[in-house]
Amino acid sequence: MLEGRTFRNESVFSLLSERYQFGSKLGVLAHKAVETRSPGEAQSDDTEASRMKRAAAKHLIERYYHQLTEGCGSEACTNACCASCPSFLRMDNNAAAIKALELYKANAKLCDPHPSKKGAGSARLDSSEGAGACADGKGSRKDGPASRSDFKDVAFLTEEIVYEILELCREREDYSPLIRVIGRVFSSAEALVQSFRKVKQHTKEELKSLQAKDEDKDEDEKEKATGSAATTVAATTTVAAMEEDSGAAASRTGDGAPKPGPEDVSVDIEAIRRVYGRLLSNEKVETAFLNALVYLSPNVECDLTYHNVYSRDANYLNLFVIVMENRNLHSPEYLEMALPLFCKAMSKLPLAAQAKLVRLWSRYSADQIRRMMETFQQLITYKVISNEFNNRNLGSDRNLVNDDDAIVAASKCLKMVYYANVVGGDVDTGHNEDEDDEPLPESSELTLQELLGEERRNKKGPRVDPLETELGVKTLDCRRPLVPFEDFVNEPLNDALEMDKDYTFFKVETESKFSFMTCPFILNAVTKSLGLYYDNRIRMYSERRITVLYSLVQGQQLNPYLRLKVRRDHIIDDALVRLEMIAMENPADLKKQLYVEFEGEQGVDEGGVSKEFFQLVVEEIFNPDIGMFTYDENTKLFWFNPSSLETEGQFTLIGIVLGLAIYNNCILDVHFPMVAYRKLLGKQGTFRDLGDSHPVLFQSLKDLLAYEGSVEDDMMITFQISQTDLFGNPMMYDLKENGDKIPVTNENRKEFVNLYSDYILNKSVEKQFKAFRRGFHMVTNESPLKYLFRPEEIELLICGSRNLDFQALEETTEYDGGYSRDSSLIREFWDIVHTFTEEQKRLFLQFTTGTDRAPVGGLGKLKMIIAKNGPDTERLPTSHTCFNVLLLPEYSSKEKLKERLLKAITYAKGFGML
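None of these values were measured; they are calculated from a predicted model.

(A) Fine view of the nonpolar core. Core analysis: the biggest nonpolar cluster contains 187 residues, and F186, F320, M346 and W361 have the highest contact counts within it. The element that contributes the greatest number of residues to this core is helix α20 (residues 405-423), accounting for twelve residues. Sequence-distant contacts of F186, that is, excluding residues within four places in its chain, are made with L157, L192, F196, Y276, F289, A292, L296 and I322. In this structure, L804, Y819, F844 and M864 belong to the second largest nonpolar core, which totals 27 residues.

Structure, rendered in structure tokens:
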């Protein structure tokens, strides 16, 4: 005990006195200290005087220790051995304990303890240690807090101090002292950093070190002590308990409070939550928190921006932990001024501090993560709505959402919560796909680009978020976050964001302009796909311009497009030969705008011909008769055929096709399991992925893992598996060396399952998938695709949405040539379309747009146009699939309209001139 303060930490004194029992470590320590200081006064251990002196020595050593670790609380302290002295250099707990002994022996100056350390335990101190205190002559104490009307000398807060002040205020029915203390402490960065501290748990090595030092010092005394055996047992128990605590560091308690861990901070989070729970119910006290935060935030921002304060004191992070535990931060009172100022300050944290905060928050519960996420989301939404950024009629000088400091700062803070959500979820940082052995071919145009000042950016691929690198965890590593990814999307922000401007800021990478593409988690798939569209188009125009420059400088033939001339009956062979030549000679041509021409047809490719080209290639290459892919009737999904006889070039072609489809904003009717997209982005398939790609095998292996009997006796399986080749012949494969001789048992069945899954999803199709991925990366290697999109969003980008909402299509369709929304034929047209079957609706989309899938965001994003194409006639409806235009004659009856429309969508194929 120290002047009425109960130890709530794991300091060296509490470990020695409370866990080891008085009379062993601390008693001997005090006894030897008394001997060293006054050898002539040493008495035998069983005399009353000796016990009194040991008690006094113990008390004084504790006071020196707390003077070194916490200080006396006086800002004007001149004692060089006091933590409150401005020139004092802080030390860890072990060093402080050793220094305390030295100060005691030297009879060094001892500051009067701060009044905040007195009160609650004074009665116990008087009874147990009063004699020792009086013996020193320095033990007289001032009156406790209960006798004071103000608390001006409270320089920082602890849970006990808050409760003492609160109790006094309740007795007097006057909360002004508490309000003043909260206002003073919570508005001062220095005071808040020192508040609600806890002493870190000692590691096993530290405990052993302390024990060894004491054993060396007290060897003679311990031989005489009768309780030495008990001391050893107690010390062993303590170390074992510490090992157990260390092993459970990553777990979370029921109320979401993190247990100590390697990235923990020196603040008692549970105590803070209890204090907030007691205080926030009082409206006047909450106002004190609000006003203090307004005053605190600009000073913190200045400290972080100009004074590099975190590098000098890592405990500065405590401030942000304490403030973020305020569960009322998202209330309207905070949104106007306090929270925006705090977000601006928090966004200035250096990268290392952000990573430490992320790791701490990652041990919070899902509810705690959601609360913080909603706090920042609420601020972003409030600012977006109140400032009316989506008003497009203000001209080119209108205010952009990117210019709002509060929204930008809140988004940066939200990024920390997002990564905490990722790190705290179900993370697999292993199982990464090996990079291709051969680097992608470099374009011969690069030299000219350098000469022209057009050096490519991101030649090594897309950028990586610095915080992601600091943490060593990618979003792709997280299979299931604490809070769903979709909850981090802010729809009002997406509506207000001008993506063309934001993309410019993203590419320029200046500190003065913020791009929300650097926070892709806050953007929906539609907004991100628009950013990708701008990136692709700019790259196409860049390649076209470079080609023109080459033609002028080197006299080459002008070829600004990626031209493919194919025959319908030999589309795969023609496309493969042409694309292979391009990939070998100049892969940069793959980044030009695609221009397809079908031999013998007169269609001009403004996008529609390319769409049909992609559709025909996909239909043929995924034909089960070819044997490149296997098809599962239950899942309706394709997977790579490990026994395929096709060359790697064929798989490279389909990879290029997928990349070109994304690059040219086309949708493909491709049906891969999600593991294919995860592998494209760099992750290997694991047992968990089998549930999507091979559900029958997954269930069998799952039953194997759950089997309660003897696997070896009942199932008699080995580490050798059987597969069938393309002709149905069985093929044996050993999952490990001599697998046919290794039985699967209850002990090694998990290894068997992992090896089996790895073989099915990775090793058996390694050659095919590497070729496929190589073709895909030929087109997308410089694209921000991997930076912006998660695997499920990649699938949506390639395949479009399977949900065909024709009501949304009707609402967004525009009319031309004399038709309007109220035209009788238009009303009849939509009545007919809404009665179509699912297959007829897909045929209609194929006829009108060139694809039977809805784009990212649904059919409401399609922007179809219906134009009048003359009076009543026997001609069929026609379309310009490049521009999603349906040319519809003004038929005389609803029946004729339906008959002509069905015939057009059922038998339409190819392109010709009318």
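(B) Fine view of the packing of helix α17 (residues 338-346) against α20. With their axes 8 Å apart at the nearest point, α17 and α20 run at an angle of 60 degrees to one another. With respect to α20, the element α17 is oriented oblique. Two packed elements cross with a definite hand, and for α17 against α20 that hand is left-handed. The segment α17 lies against α20, with P340, C343, K344 and M346 engaging D405, A406, A409, A410, C413 and M416. When the residues that make up the contact of α17 with α20 are grouped by side-chain class, the tally is eight nonpolar, no polar and two charged.

(C) Broad picture of the pattern of salt bridges. Counted under the stated rule, the structure contains 33 salt bridges. Of the charged contacts in the structure, one is a salt bridge between E270 and R274, with a shortest N-O distance of 3.9 Å. Of this pair, E270 and R274 both sit in helix α12 (residues 269-279), four residues apart, roughly one helical turn. On the basis of relative accessibility, which here comes to 34%, the residue R274 falls in the partly exposed class.

(D) Seen up close, helix α39 (residues 838-849). Over its twelve residues, α39 extends 16 Å from the first C-alpha to the last, a length consistent with the 16 Å expected when each residue adds 1.5 Å. Buried within α39 we find K841, R842, F844, L845, F847, T848 and T849.

(E) Main features of the environment of P466. The residue P466 is located in helix α22 (residues 466-471) in this model. Residue P466 is classed as partly exposed on the basis of its relative accessible area of 48%. Spatially, the C-alpha atom of P466 lies 10.0 Å from that of A355, the residues being 111 residues apart in sequence.

(F) Geometry of the pairing of strand β10 (residues 865-868). Relative to β10, strand β9 (residues 814-816) is paired through three bridges, and the arrangement is parallel. Looking at the pairing, Y815 lines up with I866 of β10. In this structure, β10 lies alongside strand β12 (residues 885-888), joined through four bridges in parallel fashion. Paired with I865 across the two strands is V885, which belongs to β12.

(G) Molecular detail of the sheet that holds β10. Read from one edge of the open sheet, four strands run β9-β10-β12-β11, paired in mixed fashion. Edge positions in the open sheet fall to β9 and β11 (878-880), since each of these has one partner strand only. Between one strand and the next, the sheet's axes are offset by a mean angle of 25 degrees, whatever the strand orientation. Where β11 and β12 come together, three bridges link them in antiparallel fashion. In the sheet register, T878 faces β12, and the bridge partner there is L887.

Parameters at a glance
- Think of each chain on its own: its residues are numbered from 1, step by step along the sequence as written.
- Residue-level local features of this predicted model are given only where pLDDT is at least 70; pairs of side-chain atoms are given and counted only at 80 or more, and the full residue set underlies all totals for whole chains, interfaces and linings.
- As a rule here, side-chain values come from all non-hydrogen atoms in the structure, and water together with hydrogens is ignored.
- Think of a nonpolar core as a cluster: buried Ala, Val, Leu, Ile, Met, Phe, Trp, Tyr and Cys residues, connected wherever their side-chain atoms sit within 4.5 Å.
- Only protein chains enter the accessibility calculation, which uses a 1.4 Å probe; a residue is then buried when its area is under 20% of its type maximum, exposed when over 50%, and partly exposed in between.
- Helix numbers and strand numbers start at the N terminus; a helix is a DSSP run of H or I with at least 4 residues, a strand a run of E with at least 2.
- Whether two residues are in contact is decided by their heavy atoms: any pair within 4.5 Å suffices.
- Note on geometry: axes are lines fitted to C-alpha atoms, helical ones only across the stretch in contact, with angles between N-to-C directions running from 0 to 180 degrees.
- An angle counts as roughly parallel when it lies under 35 degrees, as roughly antiparallel when it exceeds 145, as roughly perpendicular when it falls between 65 and 115, and as oblique in every other case.
- The sense of a crossing depends on the near helix, which, turned anticlockwise from the far helix by less than a right angle, makes the crossing left-handed and, turned clockwise, makes it right-handed.
- Here the term charged refers only to Asp, Glu, Lys and Arg, the term nonpolar to Ala, Val, Leu, Ile, Met, Phe, Trp, Tyr, Cys and Pro, and the term polar to all other amino acids, Gly among them.
- Note on definitions: salt bridges are taken to be side-chain nitrogens of Lys or Arg within 4 Å of carboxyl oxygens of Asp or Glu.
- Each residue after the first adds 1.5 Å to the expected span of a helix.
- Two strands make a pair as long as DSSP finds a minimum of two bridges between them.

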